[in-house]
Amino acid sequence: MRKITPSAACFARTSGLKYFFLSLFFAALIGCQTDPKTDLDSVKPTGDLAVEDTDKLFVVDCLLPEHASGPGAQKTDISSPQPIKTTAAECRARGGEYVAHDRANVESALKVWLPQAQQGNAEAQVMLGEIYEKGLGGTADPALAAQWYSKAAEQGNSRAQIDLGYLYEKGLGVKKNTRIALKWYRKGSGLANSGLQFMPMTEASGRGGKRKQGDNAQHQARIGDNASGSADDSGLKRRKAESREKLDQLQEQLKSLEEEYHNTFARIKSDMTTIEVKASQMDSRREKFALERVHIKLKKDKSKLMTQGGQIKELKKAIEQQEKILAGLKDVPAEMLEKKGVQKKNHEASPVIASPKFYPSVDFGRFYALIIGINDYKQLPALQTSVNDAKAVDEVLRTRYGYQTTLLVNANRRQIMTAFDDLRKELTEKDSLLIYYAGLGEIDKGDQSAYWLPSDAEKANIATWLSNHNVAQQLSILPARHILVIADSCYSGIMTKTSIAHLPEDASDKKRKKWLKLMNSRKGRTVITSGNVKPIPDSKPDSNVSSHSVFANAFLKALNDNNGLLEDYELYRMASGKVKQSASQIGFQQSPQYSAMQHAGHEGSPFFFVPKS
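As the structure is a computational prediction, the values presented were derived from the model and not from experiment.

Cut-off values and rules
Residues numbered from 1 in each chain as written. Predicted model: local features only at pLDDT ≥ 70, side-chain atom pairs only at ≥ 80, totals over all residues. Heavy atoms only, no water. Helix = DSSP H or I, 4+ residues; strand = E, 2+ residues; numbered from the N terminus. Expected span 1.5 Å × (residues − 1). Buried < 20%, exposed > 50% of the residue type's maximum accessible area, 1.4 Å probe, protein only. Polar contact = N/O pair within 3.5 Å; in protein donor to acceptor, adjacent residues only side chain to side chain. Pairing = 2+ DSSP bridges. Disulfide = S-S within 2.5 Å. Salt bridge = Lys/Arg side-chain N within 4 Å of Asp/Glu carboxyl O. Core = buried A, V, L, I, M, F, W, Y, C linked by side-chain atoms within 4.5 Å. Contact = heavy atoms within 4.5 Å. Axes fitted to C-alpha atoms, helices over the stretch in contact; angles between N-to-C directions. Parallel < 35°, antiparallel > 145°, perpendicular 65-115°, else oblique. Left-handed = near helix turned anticlockwise from the far one by under 90°. Nonpolar A, V, L, I, M, F, W, Y, C, P; charged D, E, K, R; others polar.

## As for helix H4 (residues 122-134)
If you check H4, its first and last C-alpha atoms are 18 Å apart, about what 13 residues at 1.5 Å a residue would give, namely 18 Å. Of all 13 residues that make up H4, 11 are buried, and the element is covered over most of its length. Residue Asn-121 occupies the N-cap position of H4, its side-chain oxygen lying 2.9 Å from the main-chain nitrogen of Glu-123. Two residues or fewer past H4, Gly-135 is found with a positive phi of approximately 70°.

## Considering the sheet that holds strand E10 (residues 450-452)
On the basis of which strands lie adjacent, the open sheet formed by three strands has the order E9-E10-E11 and antiparallel pairing. Both edges of this open sheet fall to strand E9 (441-443) and strand E11 (466-467), since each of them pairs with a single strand only. Where E9 lies against E10, three bridges are found, and the strand directions are antiparallel. Each bridged residue has a counterpart across the sheet, and for Ile-443 the counterpart in E10 is Ala-450.

## Focus on the state of the cysteines
The term disulfide refers to a covalent linkage connecting the sulfur atoms of a pair of cysteines. This model, assessed by the stated rule, comprises one disulfide. The side chain of Cys-62 participates in a disulfide bridge whose partner is Cys-91; the two sulfur atoms lie 2.1 Å from each other. Between Cys-62 and Cys-91, the disulfide has an S-S torsion of 80° and is therefore right-handed. Pair noted here: Cys-62 is in strand E1 (residues 59-64) and Cys-91 is in helix H2 (residues 88-93), with a separation of 29 residues, a long-range link. A relative accessible area of 0% places Cys-62 in the buried class. Classification of Cys-91 by relative accessible area gives buried; the value is 0%.

## As for the pattern of salt bridges
With the rule as written, the count across this model stands at 12 salt bridges. Its salt-bridge partner being Asp-55, residue Arg-413 comes within 3.5 Å of it at the nearest N-O pair. One end of the pair, Arg-413, is in helix H13 (residues 413-426); the other, Asp-55, is in the loop between helix H1 (20-27) and E1, and 358 residues separate them in sequence. Notably, a salt bridge pairs Arg-366 with Asp-431, separated by 2.9 Å at the nearest N-O pair. Residue Arg-366 is found in the loop between helix H11 (334-339) and strand E6 (367-373), and its partner Asp-431 is found in the loop between H13 and strand E8 (432-438); the two are separated by 65 residues along the sequence. Look at Arg-366 and you get partly exposed, because its relative accessible area is 35%. Each of Asp-394, Glu-395 and Arg-398 takes part in one network of salt bridges that share partners.

## What about the pairing of strand E12 (residues 482-488)?
Most of E12 is tucked away, with seven of its seven residues classed as buried. Alternating residues of E12 divide into His-482, Leu-484, Ile-486 and Asp-488 and Ile-483, Val-485 and Ala-487, and every residue in both groups is buried. With seven bridges joining them, E8 and E12 adopt parallel strand pairing. Pairing of Leu-434 across the sheet is with Leu-484, part of E12.

## Details of the side chain of Asn-461
Locating Asn-461 in the fold gives a position in the loop between E10 and E11. Owing to a relative accessible area of 18%, Asn-461 belongs among the buried residues under this scheme. A polar contact is formed between the side chain of Asn-461 and the side chain of Glu-458, at a distance of 3.0 Å.

## A look at the nonpolar core
Ranked by size, the top nonpolar core spans 84 residues in total, and within it Leu-397, Tyr-403, Leu-434, Tyr-436, Trp-515 and Phe-609 carry the most contacts. Counting residues per element, this core draws most heavily on helix H16 (residues 550-561), at eight residues. Not counting chain neighbours up to four residues away, the residues in contact with Tyr-436 comprise Leu-370, Ile-371, Ile-372, Asp-389, Val-393, Ile-486, Asp-488, Phe-551, Ala-552 and Phe-555.

## Focus: the packing of helix H3 (residues 106-118) against H4
Running from N to C, H3 and H4 point in directions that differ by 140°, and their axes come no closer than 8 Å. Relative to H4, H3 is oriented oblique. The handedness of the crossing between H3 and H4 is left-handed. Contact residues: Ala-109, Leu-110, Trp-113, Leu-114, Gln-116 and Ala-117 in H3; Ala-124, Gln-125, Met-127, Leu-128, Ile-131 and Tyr-132 in H4. Here the contact of H3 with H4 is composed, by residue class, of 10 nonpolar, two polar and no charged.

Encoded structure:
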């Protein structure tokens, strides 16, 4: 078993300025993080598992046996072995084959997924792509991953489309191309043919980074497009936004159609070459029949090419016309408004806060939370605020947001894994899950893997830790629609904000409703972390002992201040500014991070916070 020594890479949670220098000493010995001791009630083992058999709760690549079916005693239909991702215990219960999660490698994973992938199974193809991208047990091969993602993406697999977009965004295994990346993100999120603009979170942060204090840093739903009650430029802004959005849609349609045109042309060229080569080599009736089919296909493609050419010509005209319309929508001079009797505003009108009651047609389902707070470690230094943080998060999610919560205090590795397994059996595809972790974390300097440290974690034994990769694997098999991880600790395996869809702030309420319904049908797997990998104390300089970490304070305030429908990204922005400010007061830099979660089934949607009405 490989062992590493915890480092100062992610140690973050101490309790008070007077403990600051002491924390730096401990940082040299341990890893990332945040009164009394609280014993956790015993957690019931799953099925027939023994208490010490925790490894059976980890996710594995499972190959289920052949299944025979037929009337009576005559079993005539025999299905081939089926690959699935599930827990080792579930795989064993169903008679499947698997390799223990800590000994899995490329060869064992290929045995499970490759046959089905070669037969065209899109789910198997995307799993194969992720195996090659991660380099399971060996060197990663992103170029081969891109090939398998492409096969699944062309079949409409959303997970593959998002994964492929990431490779193009980062230039991994393929030539870096932001336009192609956005195309796949758009398709993966379901926005490609919806009439709605795909706006990545990276653009949202650039355009909307400065908001007036007091508006809760969240989307403003302008009911009826005139919520401000003003008759000045609100209508103009709306028309400009609609015109710009229509132009974006037309340009995207043109790009897509031009790609189809070039693909059709390439097929025609290939078929013509085939006909030329084989025309003089036909000896059998079968070969003549095959060549005739090529002729029929060629005729259809030629007709399709002409149709596509006409559509491209019309689209270019429509784009030119729309550009002229947008250019003509210029801001109305203030003096013209005054002549019309419209008073110029000296301040912004109070915004109309987006609220669930405005969207009765959107079913957000049930909300669950798994909340973990660890102060007391058997072999590592104790923390001060993690348990308080967890209890406070549990309180606000239950009382203000109506969550069904599971609170784990000073939990060991088995208890955390058992809680994941219980959620797998409880959640449905309509539900949302929030996971909050406050405790020690560690970064492996060898491969930059991050770990959460349960209460029974051993200082130099990685086998007793819980890797973020294993957390992501657990989330990938949970049926919940939306999952958000809040980690007041280290977290690795994140993707990018670009793969998460965002609605432009100036969109009409009608489009916002449509966007919410669409995003509510897509899977979201996102993560917010308390900071990067620098050691950071967690209390204000004017307090001896803080009851919460810097991050928890900001997160709780954001949840309590919110009175409307809130996306996870907006909550991140609300908390991030407060964290940076509080940390700077004690001479430190702390920058919370927000991203999609890699290889966990993300399909472009954010996580939604819906207060109780």
